[in-house]
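What follows is each chain in one-letter form.
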Amino acid sequence: MSDESDSEEHFHDSGSEEEDGDDSDSATESDSEDDSDSLDGTANNDPAFRENEPFAPVVEDFGESDDKIRPEFGVSRRTSPLQMLQKFLTDGIILDVIWQFLSITFMMGLVKKPSIREYWSTHELIQTPFFPTVMSRNRFQGILRALHFSNNENDTGRDRFCKLGRFMHDILGNFSSAILPGKNICVDETLLAYKGRLSFRQYNPKKRGRFGIKMFVLCDCALNFVLNILPYQGKSTPLADRSWLKDVGFGGATVLTLLQGYLNKAHRVVLDNWFLGPKLAKIMLAEKTYVLGTVQRRRKGMPKMKRKLAKGRVETYCDDEILIERWSDRREVCMLNTFVPHSMRIAESSNPRNTREKPATVLLYNSIMGAVDNVDKSIKPYQSVRKSYKWYKKVVFNMIDVATYNSMILYNHLHSDQKAVPYKEFVMKIVREIQEKYPTLKKPLGRPPVVPRTENPVCPVRLKPCHHIAVKHLDTNGTPSYSDCIYCKHHAEYSPKRKTTPFTCETCKVRLCIQGGTSCFKRYHSDKKLKIISTTPQNTQTQPHTQISQPRLPEDIDTLGPNAVQFILSPNHEIVVFDEDGNLLTSAQFSDESSLPPI
């Protein structure tokens, strides 16, 4: 598309916003009669405006910072995508147990399905294995139903966004503390689609969603970073000063509210004709803040413009503070600014027929005004917002998406020497990190397996045909950790000397030496007539220095006769004694190991 068509399309959108705002914003019109500024089509013939004379504004230099990100925000090139997001969604906003839930909502934005139930479908054609491995469907729906962000007892009835508690306030505070905005910033509106019953729901036929919650957004034009958001609530919209409604109308009061904290810093603010008028421009100029944007001819304070301009002609009207340019192309456009003198520049185009002269203010407006549109263009194809009767849940998920978008902006800025990571890939990086940092602890389905209290004496574990592997144990400094060989210790006929070994059978968890062809390791796993079975040892991997304690029997061991040749000490200190045929002879339960009598 040519440059001319781009600019005309943007101007058309801005003009339609003005019409939609005047038609649908009943609360806005009732707040202040100045919001529509001379709706009868007449304008003031202000003698202060000079026609077609030079405009020489006095403009202060903006103190641009070399580092866009504030040092105290605490991010660097080594900050991962999830850590970047957690700078906005801090522990006071999102608890650890919710991150697995958020990973599913992020993936629902990337994998579109008509209903929540289908994400857990087991049908071979539509199943997605990721979702059931993270969380069950019932648990996800339970968390979604139980989401709440405020105490209903604190509802005073004045704030319509009281359902959000401090959620939105805290996130916006983190936005403003993240970066140092550049010279150019812009204010525009966006519409969060919502068709439910809501007193401050807006209708805009020019928008794709048509019905929804209107939000006014302040963005940094250099990074396209969202600095502040003001949701529209009708008459109860939280404005910084209600007296602004009489001076500049609702649109101007919205701009001044969003700019709190950014005035008196020589910023250049770009607005469309729903907000801008001569009165607002002069108020902002008194605050050392400059403005540029489209303006309607019917605004109060505008000069009379009765002549019809030929295509390509320009008229200028200026005083000591404001320059108004009236330019006719395919349609007529009025520009107002307080810091750019009038000049015409060649607008290059790939189509030679569209290469023509345009006012410098038009070219500047088109180059920096689309920051809010870029936010919507990145988020809306993959937004995690789903249909809900609770409007505040949609606002919360939209704010999480905006926080993710801002995290992507900072991440790409810190890695500006690399290829920029798109929003979809950035979200996938976050989901992978969540799965690593917050692993899923799923409860196994069905009945737990029945574990015998003792092993079978006829075929103990040591004689089973499984993999018996010798593992060498090392201390923390890397040297071998030695302990007594359990077989040599109790069978002097095979080894007259006690031996120590660093090797343990990984399956049986006992120390065994492995020297020679007839090693204790081989005898222990093949000798069916082994008279002594060692006690169940402690974990030798976590405690390599712990020796296997010597087995102990009850006091009445002598009454059992010579057939009592095997015994087992279970982890709960129960001694079970068997004869050679595997018959149970006796058992005794002891409260703790210290109460066991010695052999």
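For the structure itself, look to the data block above.
Values in this document were obtained by computation on a predicted structure and should not be read as measured data. (Residues numbered from 1 in each chain as written. Predicted model: local features only at pLDDT ≥ 70, side-chain atom pairs only at ≥ 80, totals over all residues. Heavy atoms only, no water.)

**Q** Explain the overall build of the chain here, please?
**A** Of regular secondary structure, the chain possesses 15 helices and 19 strands. Evaluated residue by residue, the chain yields a buried proportion of 49% over its 599 residues. Counting contacts in the chain only where the partners sit at least 6 residues apart, residues at least 24 apart contribute 63% of the total. Of the roughly 31300 Å² of accessible surface on the chain, 50% is carried by carbon and sulfur atoms. (Helix = DSSP H or I, 4+ residues; strand = E, 2+ residues; numbered from the N terminus. Buried < 20%, exposed > 50% of the residue type's maximum accessible area, 1.4 Å probe, protein only. Contact = heavy atoms within 4.5 Å. Areas by Shrake-Rupley, 256 points an atom, 1.4 Å probe, with all protein chains shown as cover.)

**Q** How do you make sense of the layout of surface pockets when you look at a structure like this?
**A** Empty space within the second largest pocket amounts to approximately 530 Å³. Around the second largest pocket sit 20 residues that line it, and His-169, Leu-172, Ile-229, Pro-231 and Pro-238 are the ones nearest its centre. Considered class by class, the residues forming the lining of the second largest pocket number ten nonpolar, eight polar and two charged. (1 Å grid on protein atoms, 1.4 Å probe; cavity = no way out; pocket = protein on both sides within 12 Å on 5 of 7 lines; lining within 4 Å. Points joined across faces, edges and corners; volume = space filled by probe spheres on them. Nonpolar A, V, L, I, M, F, W, Y, C, P; charged D, E, K, R; others polar.)

**Q** So what exactly am I meant to see when it comes to the nonpolar core here?
**A** It is characteristic of soluble globular proteins that their nonpolar side chains tend to be buried jointly. Of all hydrophobic cores here, the largest spans 131 residues; its most connected members are Phe-175, Ile-213, Phe-225 and Val-395. Broken down by element, the residue count for this core peaks at 15 residues, all from helix 12 (residues 391-414). Discounting chain neighbours no more than four positions away, the residues touching Phe-225 are Phe-88, Phe-175, Ala-178, Ile-179, Leu-218, Cys-219, Asp-220, Asn-406, Ile-409 and Leu-410. Core analysis: the second largest hydrophobic core is formed by twelve residues, Tyr-487, Cys-488, Cys-505 and Tyr-524 among them. (Core = buried A, V, L, I, M, F, W, Y, C linked by side-chain atoms within 4.5 Å.)

**Q** What is the right way to look at empty space enclosed by the protein in this model?
**A** Regions of empty space are outlined by a rolling probe, equal in size to a water molecule, passed over the atoms. One pass over the structure, following the stated rule, counts six cavities of 30 Å³ or more. Counted as a void, the largest cavity has a volume near 180 Å³. For the lining of the largest cavity, the element with the most residues is helix 11 (residues 371-379), which contributes four residues. Looking at side-chain class alone, the lining of the largest cavity contains eleven nonpolar, three polar and two charged residues.

**Q** I would appreciate a short explanation of the packing of helix 8 (residues 244-258) against helix 9 (residues 278-286) in the present structure.
**A** Geometry of a packed helix pair, given as the angle between the helix axes and the separation of the axes. The contact between helix 8 and helix 9 brings their axes to 9 Å, and the two run at 45°. In terms of axis orientation, helix 8 runs oblique to helix 9. The chirality of how helix 8 crosses helix 9 is right-handed. Facing helix 8, whose interface residues are Asp-247, Val-248, Gly-252, Val-255 and Leu-256, helix 9 presents Lys-279, Leu-280, Ile-283 and Met-284. (Axes fitted to C-alpha atoms, helices over the stretch in contact; angles between N-to-C directions. Parallel < 35°, antiparallel > 145°, perpendicular 65-115°, else oblique. Left-handed = near helix turned anticlockwise from the far one by under 90°.)

**Q** Would you mind showing me how to read unusual backbone geometry here?
**A** One non-glycine residue, Asn-264, adopts positive backbone phi at about 60°. Positionally, Asn-264 belongs in the loop between helix 8 and strand 6 (268-271). With phi around 65°, Ala-266 is a residue other than glycine that occupies positive phi space. Here Ala-266 is to be found in the loop between helix 8 and strand 6.

**Q** How do you make sense of the packing of helix 11 against helix 12 when you look at a structure like this?
**A** As a packed pair, helix 11 and helix 12 sit with axes 11 Å apart at the nearest point and diverge in direction by 105°. With respect to helix 12, the axis of helix 11 lies roughly perpendicular. Residue-level inspection shows Asn-374, Val-375, Ser-378 and Ile-379 of helix 11 in contact with helix 12, the latter providing Asp-401, Val-402 and Tyr-405. Residue composition of the contact of helix 11 with helix 12, by class: four nonpolar, two polar and one charged.

**Q** Is there a simple way to explain the environment of Ile-171 in this structure?
**A** Relative to the helices and strands, Ile-171 is located in helix 7 (residues 167-176). With a relative accessible area of 0%, Ile-171 lands in the buried category. Note: C-alpha distance between Ile-171 and Val-402 (231 residues apart in sequence) is 9.7 Å. Once residues lying within four places of it in the same chain are set aside, the contact partners of Ile-171 are Phe-88, Leu-89, Ile-93 and Met-399.

**Q** Would you take a moment to explain the pairing of strand 9 (residues 323-328) for this structure?
**A** Regular strands show a simple pattern: their side chains alternate between the two faces of the sheet. Taken across its six residues, strand 9 has six buried, putting it largely inside the fold. The side-chain alternation of strand 9 yields two buried faces, one formed by Leu-323, Glu-325 and Trp-327 and the other by Ile-324, Arg-326 and Ser-328. Sheet topology places strand 8 (residues 314-318) next to strand 9; five bridges connect them, and they run antiparallel. The residue bridging Cys-318 from the neighbouring strand is Leu-323, located in strand 9. (Pairing = 2+ DSSP bridges.)

**Q** Would you explain the environment of Gln-296 in this entry?
**A** Among the secondary structure elements, Gln-296 is positioned in the loop between strand 7 (290-294) and strand 8. Spatially, the C-alpha atom of Gln-296 lies 9.5 Å from that of Leu-336, the residues being 40 residues apart in sequence. Of the polar contacts made by the side chain of Gln-296, one reaches the side chain of Arg-298; its length is 2.5 Å. (Polar contact = N/O pair within 3.5 Å; in protein donor to acceptor, adjacent residues only side chain to side chain.)

**Q** Any chance you could explain the packing of aromatic side chains here in plain terms?
**A** Two numbers describe a pair of aromatic rings. These are the distance of the centres and the angle of the planes. Going through the model one piece at a time under the given rule, you end up with 27 aromatic pairs. Taking 6.4 Å as the distance between ring centres and 75° as the angle between the ring planes, the aromatic pair formed by Phe-175 and Phe-225 counts as edge-to-face. Of this pair, Phe-175 sits in helix 7 while Phe-225 sits in strand 5 (residues 225-231); the two residues are 50 residues apart in sequence, bridging distant segments of the chain. Pair check on accessibility: Phe-175 and Phe-225 agree, each one buried. Residues Phe-250 and Trp-274 carry aromatic rings whose centres are separated by 6.4 Å and whose planes lie at 85° to one another, so their mutual orientation is edge-to-face. Taken as a pair, Phe-250 in helix 8 and Trp-274 in the loop between strand 6 and helix 9 lie far apart in primary sequence, 24 residues in all. (Phe/Tyr/Trp six-rings, centres within 6.5 Å; stacked < 30°, edge-to-face > 60°.)

**Q** Is there a simple way to think about the pairing of strand 4 (residues 211-220) in this case?
**A** Counting buried residues in strand 4 gives nine out of ten residues, a clear majority hidden from the surface. Relative to strand 4, strand 2 (residues 184-193) runs antiparallel, the two sharing nine bridges. Residue pairing in the sheet places Asp-188 in a bridge with Val-217 of strand 4. Direction of pairing for strand 3 (residues 202-203) relative to strand 4: antiparallel, over a ladder of two bridges. Bridge pairing in strand 4 links Gln-202 to Gly-212. The hairpin formed by strand 4 and strand 5 contains four residues between the paired strands, and Asn-224 there has a positive phi angle of roughly 60°.

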